[in-house]
Amino acid sequence: MSPRHAQKGAALLVVIALFLIILPIALLAIFQRSLQNDSFSGSYLWRAQARDAANQQMAALRSTVSQTIGTGGLLEYQASPPTWYVGNTQNVQPGSASFWTGCQSKQLCQATTVTLANGTGRQQFQVLQLVTPTGVIDSTLCNPGYIAVFYNIWVQATASANPAAGAATTQAVYRACIQS
């Protein structure tokens, strides 16, 4: 074999060796990216469903607050406030994740279950709910003879089957018009 053919053969072997090294690394990188995308999509789906569960419970809780105020007056003046109501006497900060992990044991929120239909059947979510007064009162927002009293409504939903996938927390302000 001539030296020129030997050089071409060696160069070809180097190219083949590099190809055999680079190709598996590239395939592994593509596979890893695919797994990350699936994981991200799955987590996003869980959080979207948790948000749907939180929104569903938010509507139910707003209705319950309305009925409770309609039958017994303002929440803070009721003889036995509902379990989801926490007055201003306690320092409540529902915006933090640490609050939601211990709110049941501290009796600062009420738990319930929401079931949503999804592509694989029905998915259950643990929903924690809480209503707190804002301390805001306004005499200009309601009809004459009534004043507006505002409450914060907080709802957090976590998938019962996959709590590590994330939770969704929603907050709304509820206005009650009461006779002055």
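The structure presented is a predicted model; accordingly, all values stated were derived computationally and were not measured.

### Here's the deal with the overall build of the protein
Broken down by element type, the protein carries two helices and four strands. Order of helices (α) and strands (β) in the protein, N terminus to C terminus: α-α-β-β-β-β. Every one of the 180 residues in the protein was classed for burial, and the buried ones make up 32%. A total accessible area of about 11500 Å² is found for the protein, and carbon and sulfur atoms account for 57% of it.

### Here we look at unusual backbone geometry
A positive phi angle, near 55°, is found at glutamine 107, a position not held by glycine. Its location among the elements puts glutamine 107 in the loop between α2 (97–102) and β1 (110–118).

### Focus: the nonpolar core
Counting 27 residues, the largest nonpolar core has Val65, Ile69, Leu75, Phe125, Val131 and Tyr151 as the members making the most contacts within it. Those elements giving two or more residues to this core turn out to be α1 (3–72), β1, β2 (121–138), β3 (146–159) and β4 (167–179). Looking at this core element by element, the count peaks at seven residues for α1. Residues within four places of leucine 75 in sequence aside, it is in contact with Val65, Thr68, Ile69, Pro81, Pro82, Trp84, Tyr85, Val131 and Tyr151. Counting ten residues, the second largest nonpolar core, distinct from the first, contains Phe99, Cys109, Leu128 and Trp154.

### Quick notes on a nonpolar patch on the surface
On the surface, a cluster of nonpolar side chains totalling about 590 Å² of accessible area is made up of Leu12, Ile16, Phe19, Leu20, Leu23 and Leu27. Tracing the sequence through the fold places leucine 23 in helix α1. Judged by relative accessible area, leucine 23 falls into the partly exposed class, the value being 35%.

### Section: the packing of aromatic side chains
According to the stated counting rule, one finds two aromatic pairs in the structure shown. With a centroid separation of 6.2 Å and 75° between ring planes, the pair formed by tyrosine 85 and tyrosine 151 is classed as edge-to-face. Taken as a pair, tyrosine 85 in the loop between α1 and α2 and tyrosine 151 in strand β3 lie far apart in primary sequence, 66 residues in all. Overall, the relative accessible area of 10% leaves tyrosine 85 in the buried class. Relative to tryptophan 100, the ring of phenylalanine 99 lies with its centre 5.1 Å away and its plane at 80°, an arrangement referred to as edge-to-face. There is no split in this pair, since phenylalanine 99 and tryptophan 100 are both buried.

### A short note on the state of the cysteines
Within this structure, the stated rule accounts for two disulfides. Two residues, cysteine 103 and cysteine 109, share a disulfide whose sulfurs are 1.9 Å apart. Around the S-S axis, the bridge from cysteine 103 to cysteine 109 shows a dihedral of about 70° and counts as right-handed. With its sulfur 1.9 Å from that of its partner, cysteine 142 forms a disulfide with cysteine 177.

### Brief notes about the environment of tyrosine 146
Within the secondary structure, tyrosine 146 sits in strand β3. Remark: the alpha-carbon pair of tyrosine 146 and cysteine 177, spanning 31 residues in sequence, is separated by 5.8 Å.

Rules of the game
Residues numbered from 1 in each chain as written. Predicted model: local features only at pLDDT ≥ 70, side-chain atom pairs only at ≥ 80, totals over all residues. Heavy atoms only, no water. Helix = DSSP H or I, 4+ residues; strand = E, 2+ residues; numbered from the N terminus. Buried < 20%, exposed > 50% of the residue type's maximum accessible area, 1.4 Å probe, protein only. Areas by Shrake-Rupley, 256 points an atom, 1.4 Å probe, with all protein chains shown as cover. Core = buried A, V, L, I, M, F, W, Y, C linked by side-chain atoms within 4.5 Å. Contact = heavy atoms within 4.5 Å. Patch = residues over 30% accessible without salt bridge, like charges linked within 9 Å, V, L, I, M, F, W, Y side chains within 5 Å. Salt bridge = Lys/Arg side-chain N within 4 Å of Asp/Glu carboxyl O. Phe/Tyr/Trp six-rings, centres within 6.5 Å; stacked < 30°, edge-to-face > 60°. Disulfide = S-S within 2.5 Å.

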